[in-house]
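# Report on the structure
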Amino acid sequence: MSSSKVTKAVFPVAGFGTRMLPATKSIPKEMLPVVDKPLIQYAVEEAIEAGLEEIIFVTGRNKQAIEDHFDISYELEDSLRKRGKSEALEQVTEFLQEPGRIKYVRQMRPLGLGHAVLCAKDLVGDEPFAIMSTDDLMMYKGQEPCIKQLIKAHEDTGGNIVAVMDVPLEQTKRYGILDTPNQDSERPIIQGLVEKPNPEDAPSTLSITGRYILLPEIFEWLEKQSADKSGEIQLTDAMANMIGIHPFHGLRYKATYFDCGNKLGWLEANIAFAAGDQDLDNDIQSLLKKYIR
């Protein structure tokens, strides 16, 4: 019997970031900056602020920069300290976690999101856990962190729960889409999941975004899951197999969402976060006026 408390977050960060090439040829896409912080730092800060105790990165080859970012940089810190740059020193140390809080496991082959999550099985253990996509950046000023909203909803509903949002009908082929009898509810019941359906086949316009709370039973289904025609093990398919066995809900979260897995979404996030920075707000507005005709 698994416990009900959510204490661990899995970050699948092994992907190649092909939608952001050539920038991601040698730099992990998770390290792309939004204003002055890499994407992955925003997600980790969201998890820590939500009270999650363990951070599990599922990494791949050429992801050393992620480990380095969350480690001490002796030379840099010593240089900043000696030069009296206390503000810069704080910026490179304030997000570091105590030893052991961040863990790493390697996904040796690119076999999809489901396989990446399965790689974390032994570190997660027998308890419900969070999954957080760094591509999906959340701005939640004035609100609780998105993943915290899911944790609270999970405490009420039990079972699995995923963050959802409405998307235009023509964009359903880009997302995992809910089949639900109460689409307009704050917590729609999920009675089916369809991965990237054509608009004419979409059961709704409610899309899964990159925040999940899943029961540990998901690992049993992932272990039995066959690869799809692209050779990947899909998390959506394994979740679909749990419907009807365990409670399954979506949550219409309160936050502004940016899809930073594509160039336009990443650019929009940079503009939005810069506009929300009191030191940059006026300048970013002037720059936009300069280039927008």
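Residues numbered from 1 in each chain as written. Predicted model: local features only at pLDDT ≥ 70, side-chain atom pairs only at ≥ 80, totals over all residues. Heavy atoms only, no water.

## With respect to the pattern of salt bridges
With the rule as written, the count across this model stands at 15 salt bridges. With its nearest N and O atoms 3.1 Å apart, the salt bridge here joins Glu54 to Lys103. Placement of Glu54 in strand S4 (residues 54–59) and of Lys103 in strand S5 (residues 102–106) is noted, with a sequence separation of 49 residues between them. Judged by relative accessible area, Glu54 falls into the partly exposed class, the value being 22%. Given the relative accessible area of 25%, Lys103 is considered partly exposed. The partner of Arg187 in a salt bridge is Asp156, with the nearest N and O atoms 3.1 Å apart. Residue Arg187 is found in the loop between strand S9 (176–179) and strand S10 (192–195), and its partner Asp156 is found in helix H7 (residues 146–157); the two are separated by 31 residues along the sequence. (Salt bridge = Lys/Arg side-chain N within 4 Å of Asp/Glu carboxyl O. Helix = DSSP H or I, 4+ residues; strand = E, 2+ residues; numbered from the N terminus. Buried < 20%, exposed > 50% of the residue type's maximum accessible area, 1.4 Å probe, protein only.)

## Looking at the nonpolar core
Counting 36 residues, the largest nonpolar core has Phe11, Leu52 and Phe57 as its most contacted members. Every element with two or more residues in this core is listed here: strand S1 (8–12), helix H1 (39–49), S4, strand S6 (129–132), H7 and strand S8 (160–166). In terms of residue count, H7 provides more of this core than any other element does, five residues in total. When neighbours within four sequence positions are excluded, Phe11 is seen to be in contact with Ala43, Val44, Ala47, Ile55, Ile56, Phe57, Val58, Met132 and Thr134. Counting 30 residues, the second-largest nonpolar core is a separate cluster that includes Val58, Val124, Val164 and Ile190. (Core = buried A, V, L, I, M, F, W, Y, C linked by side-chain atoms within 4.5 Å. Contact = heavy atoms within 4.5 Å.)

## With respect to the pairing of S6
Of the two faces of S6, the one carrying Phe129 and Ile131 and the one carrying Ala130 and Met132 are both buried. Examined bridge by bridge, S1 and S6 share two bridges and lie parallel to one another. Residue pairing for S6: Ala9 is matched across the bridge by Ala130. Two elements, S6 and strand S11 (residues 206–214), share four bridges in a ladder whose sense is antiparallel. Paired with Ala130 across the two strands is Ile213, which belongs to S11. (Pairing = 2+ DSSP bridges.)

This is a description of form; function is not addressed.
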